[in-house]
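Per-entry structural report
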Amino acid sequence: MNRRSLLGGASLAATGALAVHETSRHRVPDRRRPMSRVAILRCESYKRAAQVVWDGIQLLEPQVAGKHVLLKPNLVEYSPSASINTHPIVIAATADAFYSLGALKVLVGDGPGHVRDSELVLEESGLRDALRSVGRLRFIDLNFDRVRAVRTQTSLTNLKELWLPQSVLAADVVVSMPKVKTHHWAGVTLSLKNLFGVVPGSVYGWPKNILHWQGIDNSIVELAATVSVHYVIADGIEAMEGNGPLHGPARHLGCLVFADDPVAADSACCSLMDVDPHCIRHLAKASSLGNLDPRRWELLGDRIASLRQTFQPPPMMTFARVGSSTPEARGRSAP
Amino acid sequence: MLYRREILNALRARAVGSIEELALRSLALRGEWRDCSQLFESQLPCGGWPNALGTSEPNAYSTSMALIALAHLRDRRDARAAVNLAFGWLDETAGREGHWLWRWKFRWFDRRVKFDTSKYGWPWIDGTVSWVAPTALAVIAHRVWKRPSPRVERGMSMLLDRACSSGGWNAGNSEAFGVSLTAHPDFTAMGLIALRSCGVHAHPAVRSAEDYLSSRLAASEATYSLAWALLALRNNPKMVSTLRARLLKSVKLDAGAKPTISLALAALALEDPPLDLTETPQ
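Scope of this entry: the structure provided in the associated data block. Since the model is a prediction, treat every value here as computed from it, not as a measurement.

**What to know about the overall build of chain A**
- Regarding its fold elements, chain A presents 13 helices and 12 strands.
- A globule of 335 residues ought to have a C-alpha radius of gyration of about 20 Å, and chain A, at 20 Å, matches this closely.
- Counting only C-alpha atoms and orienting by the principal axes, one finds that chain A spans roughly 80 × 45 × 40 Å.
- Within chain A, the proportion of its 335 residues that are buried is 60%.
- Taking the intrachain contacts of chain A between residues at least 6 apart in sequence as the baseline, contacts between residues at least 24 apart amount to 77%.
- Counting only carbon and sulfur atoms, one obtains 52% of the accessible surface of chain A, whose full area is about 13000 Å².
- Here chain A contributes 37 positively and 31 negatively charged side chains, and the mean placements of these two sets differ by 7 Å.

Right, dumping it as structure tokens:
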């Protein structure tokens, strides 16, 4: 063996080792089930939302009897002119439904990203009064909850551990309840991006800027791999397009989305917004955490195609539309 | 004031889980209890304080809050070593945009968020950019300990640069993606207290922040924001009277369920006159 072949072999081995290292470093756990349940129910106004929430939850057949349930809405900040937060009626109806199904305790918890005063957001958004109307329902500000360190499940970020709120870690069932919106950094903000709200501001600050510096897509996937979301109830009655998550115009999508798989839920919501889910980076990266592919959904309720609307993308961003990217994607597009 | 006594009773019974809670509760109870041992014990070897107790990430906001509390609680000589260490850490900690590489990035490649990168302050935690709350509190901490530092000037200029066009301060920027952002009451109050502590009283950003804060909470019962507003507008007798009445009503609604931070701030704001965070008894 001469020196040239020795050097060539060594560099080939080094490249291979680096490739293997990088592949394993970025590996996301495979949590796909054979089938996920997704239900999309038409709901033209919030006046009907309580009944539709009950119908949708029954389709999911959640096992919550005797369990502690945490509802994680999307509570950012209040603006009378923008459709920013998960609607209080949807949250209250969900809590009511879970109590009716035998849940031992239901908590509503969120840690707003820019606002330290959740009392002000609860008051102005109407959520405080909605929670009172249900009774037995407490709001936990996850920004100020007691915290515990949890090892991260991937190495997508440099964070070896995440400090997470006890209320999230202690819950038997976590329900992510996003508002269907576009997002100027992440493309869309749905059940996975909604997990930014479980990261405590008391440790990481307002906003949770460390997650942006670790890469927003990687941080979303890291959180999704670390925090189990059991169900999703997405508020798509009044959604947001364009410059979301705060300043985009409202878009009346007229539906609620229910799922037992956050990846499937987000994929379905993308399809409703006429956004190819495979082109949303964090969703593509999280594809082993659930079923992105609609062929692995048990789809209940309305057909996506009957409700789909073309949402405007955020500034400086374009969306690949459903069925427009590749022949393979067209074959996979949701019914 | 009778109800303030009840707030203090409630605070005495509270366990604390963060430096912010510990510092504010200690400040609220300073008339009867000046034990700072828990604050000293939770200081990290680097000099900073974490926020959540038991964690080890130094945090500029809680470090500044601890320094402000120590200034009001202690004979300054007793705290000298801890305080010097803490200011050493604060001096070394800067928003990421303070580094030439990131300044270059924000100036030439990333214009989605608008701010002058030469004007930077303090981040919440290391490895992130400057934000209003930690910068304002770090400025107050420097002023209350009478620590001259070029960082104070720079922090002030950052606050002035990032004031919202409609008055007050958002979390960190005045504009993102071409949209003017709106202010938040607590960050506005912190910014106002910080600038006034440096003698900035007549700047248009100060005037418009006062206007914003005077009107923003007209119908609110949110304890935490009302208390910060009262601490910031303590020199305006009319606003003190209005905000005091609303704050009292807010606390009485459900004092037992209020977070410790909100209760402690309410106790400080309901002092007569409201506590001046920037001045300590000599």
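After presenting the structure, the write-up continues.
**What to know about the nonpolar core**
- Grouped together as the largest cluster of nonpolar side chains are 105 residues, with contacts concentrated most on Ile7, Trp145, Trp169, Phe187, Met190, Trp228 and Leu247 of chain B.
- Looking at this core element by element, the count peaks at 10 residues for helix H4 (residues 60-73) of chain B.
- Residues contacting Trp228 of chain B, with those up to four places away along its chain left out, are Tyr61, Met65, Asp186, Ala189, Met190, Ile193, Leu265 and Leu277 of chain B.
- Of all hydrophobic cores here, the second largest spans 66 residues; its members include Val203, Cys270, Met273 and Leu283 of chain A.

**Notes on the interface of chain A and chain B**
- On the chain B side, the residues contacting the 29 residues of chain A number 43 residues.
- Interface of chain A and chain B: buried area, both sides summed, is about 3000 Å²; carbon and sulfur atoms make up 60% of it.
- The interface formed by chain A and chain B holds five salt bridges in total.
- Residue Arg128 of chain A pairs with Glu221 of chain B through a salt bridge whose shortest N-O separation is 3.7 Å.
- Between chain A and chain B we count 13 residue pairs in polar contact (both at pLDDT 80 or more) in total.
- When contributions to the side of chain A that touches chain B are tallied by element, the ones reaching two or more residues are helix H4 (118-125), helix H7 (201-204) and helix H8 (209-213) of chain A.

**A few points about helix H2 (residues 19-28) of chain B**
- Within H2 of chain B, 10 of the 10 residues are buried, which leaves it mostly tucked inside the rest of the structure.
- Where H2 of chain B is concerned, the buried positions are Ile19, Glu20, Glu21, Leu22, Ala23, Leu24, Arg25, Ser26, Leu27 and Ala28 of chain B.

**Examining the side chain of Thr189 of chain A**
- Looking at the element boundaries, Thr189 of chain A is found in strand S9 (residues 187-189).
- The exposure class assigned to Thr189 of chain A is buried, which follows from its relative accessible area of 5%.

**What to know about the packing of aromatic side chains**
- Per the stated rule, a full pass over the model turns up four aromatic pairs over all chains.
- Judged by centre distance (5.1 Å) and plane angle (75 degrees), the ring pair of Trp185 of chain A and Phe177 of chain B falls under edge-to-face. With Trp185 of chain A in the loop between strand S8 (179-183) and S9 and Phe177 of chain B in the loop between strand S1 (175-176) and strand S2 (179-180), the pair connects residues from two separate chains.
- Take Trp185 of chain A: its relative accessible area is 25%, and that puts it in the partly exposed class.
- Pairing Trp206 of chain A with Trp124 of chain B gives two aromatic rings, centres 5.2 Å apart and planes at 55 degrees, and the pair type is tilted. Of this pair, Trp206 of chain A sits in the loop between H7 and H8 while Trp124 of chain B sits in the loop between helix H6 (100-108) and helix H7 (132-144), each in a different chain. When sorted by exposure, Trp206 of chain A lands in the same class as Trp124 of chain B, which is buried.
- An aromatic cluster is built from Phe144 and Trp206 of chain A together with Tyr61 and Trp124 of chain B, whose rings are joined through pairwise contacts.
- Across the ring face of Phe311 of chain A, the terminal group of Arg251 of chain A is positioned such that the distance to the ring centre comes to 5.5 Å.

**Observations concerning the pattern of salt bridges**
- Considering all chains together, one arrives at 28 salt bridges over all chains under this definition.
- Ionic pairing is found between Asp30 of chain A and Arg32 of chain A, a salt bridge with its closest N-O pair at 3.0 Å.
- Owing to a relative accessible area of 53%, Asp30 of chain A belongs among the exposed residues under this scheme.
- Through salt bridges that share partners, Glu123, Arg128, Asp129 and Arg132 of chain A together with Glu221 and Lys249 of chain B make up one connected network.

**So, unusual backbone geometry**
- Following Gly244 of chain A, the chain continues to Pro245 of chain A via a peptide bond in cis, the omega torsion being 15 degrees.
- Tracing the backbone shows Pro245 of chain A in the loop between strand S10 (231-240) and strand S11 (250-259).
- The omega torsion of the bond from Asp272 of chain B to Pro273 of chain B falls at 0 degrees, within 30 degrees of zero and hence cis.
- Mapping Pro273 of chain B onto the fold places it in the segment after helix H13 (260-269).
- Of note in the backbone geometry, Arg136 of chain A takes a positive phi value of approximately 50 degrees without being a glycine.
- Along the chain, Arg136 of chain A falls in the loop between helix H5 (127-134) and strand S4 (138-141).
- With a phi angle near 50 degrees, Lys146 of chain B is a residue other than glycine that sits in the positive phi range.

Conventions used here
- Residues numbered from 1 in each chain as written.
- Chains lettered and ligands numbered in written order.
- Predicted model: local features only at pLDDT ≥ 70, side-chain atom pairs only at ≥ 80, totals over all residues.
- Heavy atoms only, no water.
- Helix = DSSP H or I, 4+ residues; strand = E, 2+ residues; numbered from the N terminus.
- Rg over C-alpha atoms; globule rule 2.2 N^0.38 Å.
- Buried < 20%, exposed > 50% of the residue type's maximum accessible area, 1.4 Å probe, protein only.
- Contact = heavy atoms within 4.5 Å.
- Areas by Shrake-Rupley, 256 points an atom, 1.4 Å probe, with all protein chains shown as cover.
- Lys, Arg positive; Asp, Glu negative; His and termini not counted.
- Charge placed at Lys NZ, Arg CZ, Asp CG, Glu CD.
- Core = buried A, V, L, I, M, F, W, Y, C linked by side-chain atoms within 4.5 Å.
- Buried area = accessible area lost by both parts, 1.4 Å probe.
- Salt bridge = Lys/Arg side-chain N within 4 Å of Asp/Glu carboxyl O.
- Polar contact = N/O pair within 3.5 Å; in protein donor to acceptor, adjacent residues only side chain to side chain.
- Phe/Tyr/Trp six-rings, centres within 6.5 Å; stacked < 30°, edge-to-face > 60°.
- Lys NZ or Arg CZ within 6 Å of the ring centre and 35° of its normal.

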